[in-house]
Amino acid sequence: MSSLVEICDNAMAADGPLAMGLPGYAPRSGQRGMARAVADAIERRSQLLVEAGTGTGKTFAYLVPALMSGRRVVVSTGTRNLQDQLFARDLPALTRAMGAPADVALLKGRGNYLCLHRMQLALEDPAGLTRAGLRELARVRSWAETTRTGDVAEATGIPEDSIVWPRVTSTTDNCLGSACPQWQDCHVVRARREALRADVIVVNHHLLMADLALKEEGFGELLPAADVVIVDEAHQLADVATRFFGTSVSSRQLSQLLGDLRAEGLLAGAWDEGLARDTGSVEKALARTRETMGRDTGRRAWPAPGGNVEQAIETLIDELVVLAGRMTALDGLSPGVDGVASRVAQSVERLTRLSGKADPDQVRWIEIWPRSFTLQCAPVDAGPALAARRDERPSAWIFTSATLAVGGDFSLVQARLGLEDADLLSVDSPFDYPRRSRLFVPSGLPEPAARDYTQRALGAMLPLLEASGGGAFFLFTSHRALREAADWFRAGAAAGGYTLLVQGDEPKDILLRRFRDAPRAVLLGTGSFWEGVDVRGPALRLVVIDRLPFAVPDDPILEARLDRSRENGGNPFREIQLPEAALALKQGAGRLMRDVEDQGVVAICDPRIVGKSYGRVFLSALSPMPLERDAQAVAGFLAEAQAREMAS
Ligand code: SF4
């Protein structure tokens, strides 16, 4: 009998079913190598970490062995786009081509499904809904009568950010579970049952982690049912995991709880003066706590012991305890009231845990918004918790992404995901970087701390922009630099009739569509434009990066990780900040070459990449683009590339 490795090798051969059945499929050695490694990991039920350079065809490299294994598979992705692409395009095409029918399910988080119980509550007690909200609630009600799936994406005509959605969808907190009178017809339950019957379930990291951590949206059944778990875009998993292994309580959550208490109380005929008084006291304590946090919004360190904020949190807990006490008298009145009572008790428990004695393995902080706040804690290092949960079951775990290693070194990602013992594989991109691309670092620019840095960096890019005739992404590390650049372009500093597209002016999808269509487009972006943006073909020929993307250590988790490294005698800059920045740079630079025919220039304005000793680490992380320092030479390269493109 053939092994899974051989079966996959044959499927991906030049005369195999993929080549025969998939239009445009061409065997690629890197892809077959990765498929072999994945097949081997599935057979041995081991853990594999694969960095697959752009163009490897990694999706097929893991889907083919997964499908041919005949085992139950969970595929997790970081973005909705990839989730949809796998479900609607790649998996159907592959199963057809290979003649291997498989039952595939796409499972979304519970917030994507209508909650029949909460819709009933909202109809019963629509307090707080605006006129538009009431109209939308009526629409939800009539849609609810016809939908089979309860997937809110079907309910067109109701805006995604409508205030009605949180009122008619559930969270783990407010779901009544099997005690719910609507349990038999529940859309969330049905979607999960269907998913669990499938051979392949496509989920997102959020759902995967919730399941793994047995928290929030998780229902703890997904992973026990899986023989193979494949995590694509695995570079995003550590941050998601960290949040899931932590605890949080938000003032919005508590306000919603008080609203649900009123609605459930009214529905059960138990809403009385006493309940109204005690919920009112909790509301006041919430408002008082927010007040003590002051006007400044953003992230803040955990409050000092004995201060106003801490005292306000204590009062909030006391008021919740009083409310929980009153609710014991209503025990067994209705599943809804019982559900709310257990949420009140849970909130007391979480708040007490959060505000208790500091745990050295956890970091605590507060997030403040204009009218609300969240109290949070998370593990400094989620790797051990992830490893422990994974080891509970002997499944095969495959993690992949185009960005996992710095110069072949996986140690940062291994530590963050608890994958110290995993097998490692790097698959180089098949693209011809030496011939089709250049890395440009301009000469004569000051370090980014200089006051006029952004303007001077932009000025240095003008010859390139002229040579490329637009088709340029400018990626910034801060919103401030982005705004400065937008002003610079709008003031006409770059004459040339460019179509300027600025992040924030329009939704990302629209900006990208306009970028592809406009002949001389220049797009300015930060944050989410550094990754997951896929502009293939000649529309994108120049990627400019303003500075090396070192994270500013205002993130409490990052700060705690740096402290931990220092305390352990390590070098936090070398061990954490530098490799993380190098991975981020690799992501940003990776926007340029998305297809084998793509060509162009990545320009990194920050002189530290060549002037500092650590610059070598960044250079080692990048694809093998020849380094060029002369603006005229690189402009010539761009002009030639343009000419080749026009001639072809
Ligand atoms: S079981 Fe939960 S999600 Fe389903 S209808 Fe009831 S409350 Fe809503």
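Parameters and conventions
- Residues numbered from 1 in each chain as written.
- Predicted model: local features only at pLDDT ≥ 70, side-chain atom pairs only at ≥ 80, totals over all residues.
- Heavy atoms only, no water.
- Domains from an automatic or database assignment.
- Salt bridge = Lys/Arg side-chain N within 4 Å of Asp/Glu carboxyl O.
- Helix = DSSP H or I, 4+ residues; strand = E, 2+ residues; numbered from the N terminus.
- Buried < 20%, exposed > 50% of the residue type's maximum accessible area, 1.4 Å probe, protein only.
- Near = heavy atom within 4 Å.
- Nonpolar A, V, L, I, M, F, W, Y, C, P; charged D, E, K, R; others polar.
- Axes fitted to C-alpha atoms, helices over the stretch in contact; angles between N-to-C directions.
- Parallel < 35°, antiparallel > 145°, perpendicular 65-115°, else oblique.
- Left-handed = near helix turned anticlockwise from the far one by under 90°.
- Contact = heavy atoms within 4.5 Å.
- Pairing = 2+ DSSP bridges.
- Phe/Tyr/Trp six-rings, centres within 6.5 Å; stacked < 30°, edge-to-face > 60°.
- Patch = residues over 30% accessible without salt bridge, like charges linked within 9 Å, V, L, I, M, F, W, Y side chains within 5 Å.
- Areas by Shrake-Rupley, 256 points an atom, 1.4 Å probe, with all protein chains shown as cover.

## Here's the deal with the domain arrangement of the chain
Next, step 1: Domains assigned within the chain are domain 1 (4-103 + 198-238 + 382-427), domain 2 (110-189), domain 3 (247-379) and domain 4 (433-647).
Next, step 2: Centre-to-centre separation of domain 1 and domain 2, based on C-alpha positions: 34 Å.

## Describing the pattern of salt bridges
Next, step 1: As enumerated under the stated definition, the model contains 34 salt bridges in all.
Next, step 2: Here Asp 563 ties to Arg 566 by a salt bridge, and the two come within 2.9 Å at their closest N and O atoms. One end of the pair is Asp 563 and the other is Arg 566, both in helix α23 (residues 556-567) and 3 residues apart, which spans about a single turn.
Next, step 3: Residue Asp 563 is classed as partly exposed on the basis of its relative accessible area, which comes to 34%.
Next, step 4: Taking relative accessible area as the criterion, Arg 566 reaches 48% and is therefore assigned partly exposed.

## Let's talk about the site of the ligand
Next, step 1: Around the ligand, 13 residues are found, and the nearest of them are Cys 115, Ser 170, Cys 175, Cys 180 and Cys 186.
Next, step 2: The class makeup of the residues in the shell around the ligand is 8 nonpolar, 4 polar and 1 charged.

## As for the packing of helix α12 (residues 251-267) against helix α15 (residues 335-355)
Next, step 1: Where α12 contacts α15, the axes come no closer than 9 Å and their chain directions differ by 155 degrees. Taken together, the axis directions place α12 and α15 in an arrangement best described as roughly antiparallel. Seen from above, α12 lies across α15 with left-handed handedness. Here α12 contributes Gln 253, Leu 254, Gln 256, Leu 257, Asp 260, Leu 261, Glu 264 and Gly 265 to the contact with α15, which in turn contributes Gly 336, Val 337, Val 340, Arg 343, Val 344, Ser 347, Arg 350 and Leu 351.
Next, step 2: Along the lines of polarity and charge, the residues of the contact of α12 with α15 split into 7 nonpolar, 5 polar and 4 charged.

## Observations concerning the sheet that holds strand β8 (residues 362-368)
Backbone hydrogen bonds hold the strands of a sheet together, and the pairing may be parallel or antiparallel.
Next, step 1: Strand order in this open sheet of 4 strands is β6-β9-β8-β7, and the pairing throughout is antiparallel. The outermost strands of the open sheet, each flanked by one partner alone, are β6 (247-250) and β7 (298-301). Each strand axis lies, on average, 20 degrees off the axis of its neighbour in the sheet, ignoring direction.
Next, step 2: Relative to β8, β7 runs antiparallel, the two being bridged by 4 bridges. Paired with Arg 300 across the bridge in β8 is Ile 366.
Next, step 3: Its contacts with the sheet put helix α11 (residues 237-244) on β7, β8 and β9 (373-379), and the angle it makes with β9 is roughly 110 degrees.
Next, step 4: Together, β6 and β9 form the strand contacts of α12, whose direction differs from that of β6 by roughly 60 degrees.

## Re the pairing of strand β12 (residues 437-440)
Next, step 1: As judged from the 4 bridges shared by β12 and strand β17 (residues 600-604), these two strands associate in the parallel manner. Looking at β17, one finds that Arg 438 is bridged to Val 601.

## Brief notes about the sheet that holds strand β1 (residues 47-52)
Next, step 1: Here we have 7 strands laid out as an open sheet, ordered β3-β4-β2-β5-β10-β1-β11, and parallel in their pairing. Looking at strand neighbours, the two that pair on one side only are β3 (104-106) and β11 (423-427), the edges of this open sheet. Taking each pair of neighbouring strands and ignoring which way they run, the sheet shows an average axis angle of 15 degrees.
Next, step 2: In terms of strand pairing, strand β5 (residues 228-231) meets strand β10 (residues 396-401) through 4 bridges, oriented parallel. Each bridged residue has a counterpart across the sheet, and for Val 229 the counterpart in β10 is Trp 397.
Next, step 3: Strands β2 (73-77), β4 (200-204), β5 and β10 of the sheet are contacted by helix α10 (residues 205-212), whose axis makes an angle of about 100 degrees with β4.

## Some details on the packing of aromatic side chains
Here a ring pair, both rings aromatic, is described through the centre-centre distance and the interplanar angle of the planes.
Next, step 1: Per the counting criterion, the structure on display carries 12 aromatic pairs.
Next, step 2: Judged by centre distance (5.9 Å) and plane angle (15 degrees), the rings of Trp 397 and Phe 399 are stacked. Here Trp 397 and Phe 399 have matching classes, each one buried.
Next, step 3: Residues Trp 488 and Phe 489 carry aromatic rings whose centres are separated by 5.1 Å and whose planes lie at 85 degrees to one another, so their mutual orientation is edge-to-face.

## A word on a nonpolar patch on the surface
Next, step 1: A contiguous nonpolar surface patch, about 200 Å² in accessible area, is contributed by Val 610, Leu 619 and Leu 627.
Next, step 2: You can see Leu 627 is positioned in strand β18 (residues 627-628).
Next, step 3: Owing to a relative accessible area of 41%, Leu 627 belongs among the partly exposed residues under this scheme.

## Quick notes on the packing of helix α6 (residues 116-124) against helix α7 (residues 131-144)
Next, step 1: The geometry of α6 relative to α7 is characterised by a closest axis approach of 11 Å and an angle of 140 degrees between their N-to-C directions. Between α6 and α7, the angle falls in the class oblique. Considering how the two elements wind past one another, α6 and α7 form a crossing that is left-handed. Contacts between α6 and α7 pair Met 119, Ala 122 and Leu 123 from the former with Leu 137, Val 140, Arg 141 and Ala 144 from the latter.
Next, step 2: Here the contact of α6 with α7 is built from residues that sort into 6 nonpolar, no polar and 1 charged.

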